[in-house]
Protein chains: 2
Amino acid sequence: MSEGLPPRQRILAAADDLFRRHGIRGVGVEAIAEAAGTNKMTLYRHFESKDELIAEWMRGIVSQKDRVWDEMVERHPNDPVAQIVDWSQRTAEALAQMEERGSPILNALAELPEPDHPARKVIDEHRAREHDRLLILCQQAEFPEPELTADQCFFLLEGAKSCVQCIGLKRVGEHLMRLINSMVGARGRELPAAGGSPAPKPARRTR
Amino acid sequence: MSEGLPPRQRILAAADDLFRRHGIRGVGVEAIAEAAGTNKMTLYRHFESKDELIAEWMRGIVSQKDRVWDEMVERHPNDPVAQIVDWSQRTAEALAQMEERGSPILNALAELPEPDHPARKVIDEHRAREHDRLLILCQQAEFPEPELTADQCFFLLEGAKSCVQCIGLKRVGEHLMRLINSMVGARGRELPAAGGSPAPKPARRTR
DNA sequence: TCACTATGTTACCGACCAGTAACATCAGAG
DNA sequence: CTCTGATGTTACTGGTCGGTAACATAGTGA
């Protein structure tokens, strides 16, 4: 799998696999080192503590998601609605990775109650960034209530992530995309009647 | 707080408090017993293991939620839409309890990777039951695509639960209710255009 | 008073785990 | 070849934690 790589990356790959499957607290550093084809000492030569390893793992996951987002932006320039839809599509596809154990980000959040854990900062910033980008897109799309629509997308996405364990993957992905599409008005550019402002404008393509 | 109660209930109350605040793995049985004003031995005389204590704690939470649901049904007989709305309202209010640490159910799910953990069965059954009841209500309300609408409600609710940590409680609760209302058509009895079946019927009051 | 039951107290075991020390090995650069 | 830096190996520490044994205490009902 990751044979030729330097030990640091093998360790991160092994940690990714084990943390996803057994949770953070459920995996010891020894097991990670062994799965990486190395040992505890080299692990500690590359990461100053298990907590730092966790944080670095999270940074990898988060930066990968950010990269996806950037791709979406450059794939649909000046079309915020298409960006939202496409990004949601990617997120829906990513659900497949987490059918058994749920989102590693949400799980990490649950497994790390200490608010000053180094990985917590990574997660919190990432979620804030993601929500901000969504809000900006909703504003660019000139939805009548961008905060509301952004929250709605966010709730749906996060809800799908935490339901993929208990409902089947296929149905979650399908329903999620239909809901996102209808909400964001990809088909007809209408907002679902929300709150009481049923005045959908055609989305103007900004930026 | 729970002074006069028998030790078993004091233990459960202490576990509830500590598990919510510090997570399951983050709290030892000794700490629970001490917080309950007793000791480890009596704890083990009432619960055969920590895992069983966790499961019993979950049973308590789940049965409380089931009770809320039953209340809703008898409060709005023959009006499935009102039941959905009212139940969502209760759920939104329950968000306040979990602003800092999120939903104890979702957290437990993340902290218990072993699929055969006794608490897992409790959680899985509860979520399935909740989704089923929602689906039945959507069918009774004669929404054109009851599965879709039920999933939408479910995603929104679960999403709100997992976002209450990163977005403010007040906004989450408000937006959640506005979305549920608009979706379920409490005001006007229309479904948001979903999927492609824009044929909302007035909900017939069943049962 | 006696006996029974629930609870408190202390001490302990065994397992696991994060992290470190000391030393051996091996590869490449000069 | 030799020096050097990165890696492997082994063994260890200190701490935590789930779970148990053995004994002491207190209340209760007959």
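Above this text is the structure in question.
To keep things clear, this report deals only with the structure shown in the data block. (Residues numbered from 1 in each chain as written. Chains lettered and ligands numbered in written order. Predicted model: local features only at pLDDT ≥ 70, side-chain atom pairs only at ≥ 80, totals over all residues. Heavy atoms only, no water.)

1. What to know about the interface of chain B and chain A
At the junction of the two partners, chain B supplies 44 residues and chain A supplies 44 residues. Between chain B and chain A, roughly 3700 Å² of surface is buried when both sides are summed, and carbon and sulfur atoms account for 61% of that area. Our enumeration of links across chain B and chain A arrives at 4 salt bridges. Residue B:Arg178 pairs with A:Glu145 through a salt bridge whose shortest N-O separation is 2.4 Å. On inspection of chain B and its partner chain A, the count reaches 12 residue pairs in polar contact (both at pLDDT 80 or more). Within the residue set of the side of chain B that touches chain A, elements represented by two or more residues are α1 (7–22), α6 (104–111), α7 (118–140), α8 (146–163) and α9 (169–184) of chain B. The element contributing the most residues to the side of chain B that touches chain A is α8(B), with 12 residues. A breakdown of the residues in the side of chain B that touches chain A according to their chemical character gives 19 nonpolar, 13 polar and 12 charged. (Contact = heavy atoms within 4.5 Å. Buried area = accessible area lost by both parts, 1.4 Å probe. Salt bridge = Lys/Arg side-chain N within 4 Å of Asp/Glu carboxyl O. Polar contact = N/O pair within 3.5 Å; in protein donor to acceptor, adjacent residues only side chain to side chain. Helix = DSSP H or I, 4+ residues; strand = E, 2+ residues; numbered from the N terminus. Nonpolar A, V, L, I, M, F, W, Y, C, P; charged D, E, K, R; others polar.)

2. Focus: helix α1 (residues 7–22) of chain A
All names here are of chain A. In this model α1 runs 22 Å from its N-terminal to its C-terminal C-alpha over 16 residues, within 8% of the 22 Å that 1.5 Å per residue would give. Taken residue by residue, α1 has Arg10, Ile11, Ala14, Ala15, Leu18 and Phe19 as its buried positions. Along the long axis of α1, the arc covered by the buried residues comes to 155 degrees, so they all point the same way. If you follow the buried residues of α1, they end up packed against α2 (29–35), α3 (40–46) and α4 (50–75). Positioned one or two residues after α1, Gly23 has a phi angle of 80 degrees, which is positive. (Expected span 1.5 Å × (residues − 1). Buried < 20%, exposed > 50% of the residue type's maximum accessible area, 1.4 Å probe, protein only. Arc of directions from axis to C-beta.)

3. Examining the relation of the copies chain B and chain A
For these two chains of identical sequence, chain B goes onto chain A by a turn of 180 degrees and a shift of 0.0 Å along the axis, with RMSD 0.0 Å. Look at the turn and shift together and you get a two-fold axis relating the two. Closest to the rotation axis within chain B is the C-alpha of B:Gly159, separated from it by 1.8 Å. Of the interface residues in chain B, 100% have counterparts in chain A that sit at the interface too, so the contact is made through matching surfaces. (Least-squares fit on C-alpha atoms with pLDDT ≥ 70 in both.)

4. A word on the protein's contact with DNA strand C
Taken together, 16 residues lie around DNA strand C, and A:Lys40, A:Lys50, B:Pro7, B:Thr38 and B:Arg45 are the ones closest in. Taken together, the sugar and phosphate atoms account for 49% of what DNA strand C places within 4 Å of the protein. Within the side chain of B:Thr38, a nitrogen or oxygen atom sits 2.4 Å from a phosphate oxygen of DNA strand C. Here a phosphate oxygen of DNA strand C and a side-chain polar atom of B:Thr42 are 3.3 Å apart. Looking at the surface near DNA strand C, the elements with two or more residues in it are α3 of chain A together with α3 (40–46) of chain B. Among the elements that take part in the surface near DNA strand C, α3(B) stands out by supplying 4 residues, more than any other. Residue composition of the surface near DNA strand C, grouped by class: 6 nonpolar, 7 polar and 3 charged. (Near = heavy atom within 4 Å.)

5. Observations regarding the nonpolar core
Residues A:Phe155, A:Leu176, B:Phe155 and B:Leu176 are the most contacted members of the largest nonpolar core, which totals 66 residues. Apart from the residues lying within four places of it in its own chain, the contact partners of B:Phe155 are A:Phe155, A:Leu156, A:Gly159, A:Ala160, A:Cys163, A:Ile167, A:Val172, A:Leu176 and A:Leu179. (Core = buried A, V, L, I, M, F, W, Y, C linked by side-chain atoms within 4.5 Å.)

6. Some points on the protein's contact with DNA strand D
Surrounding DNA strand D, one finds 16 residues, the nearest of these being A:Thr38, A:Arg45, B:Lys40, B:Tyr44 and B:Lys50. In DNA strand D, the atoms that sit within 4 Å of the protein are 49% sugar and phosphate, with bases accounting for the remainder. A distance of 2.9 Å separates a phosphate oxygen of DNA strand D from a polar backbone atom of B:Val29. Within the side chain of B:Lys50, a nitrogen or oxygen atom sits 2.8 Å from a phosphate oxygen of DNA strand D. If you list the elements that add at least two residues to the surface near DNA strand D, you get α3 of chain A together with α3 of chain B. At 4 residues, the largest contribution of residues to the surface near DNA strand D is made by α3(A). Each residue belonging to the surface near DNA strand D can be placed in one class, and the counts come to 6 nonpolar, 7 polar and 3 charged.

7. Some words on the environment of B:Met98
All names here are of chain B. Among the secondary structure elements, Met98 is positioned in the loop between α5 (80–94) and α6. Sequence spacing of Met98 and Leu169 is 71 residues, and the spatial spacing of their C-alpha atoms is 9.1 Å. In this structure Met98 touches Ser103, Pro104, Lys161 and Val164, once residues within four positions along its chain are discounted.

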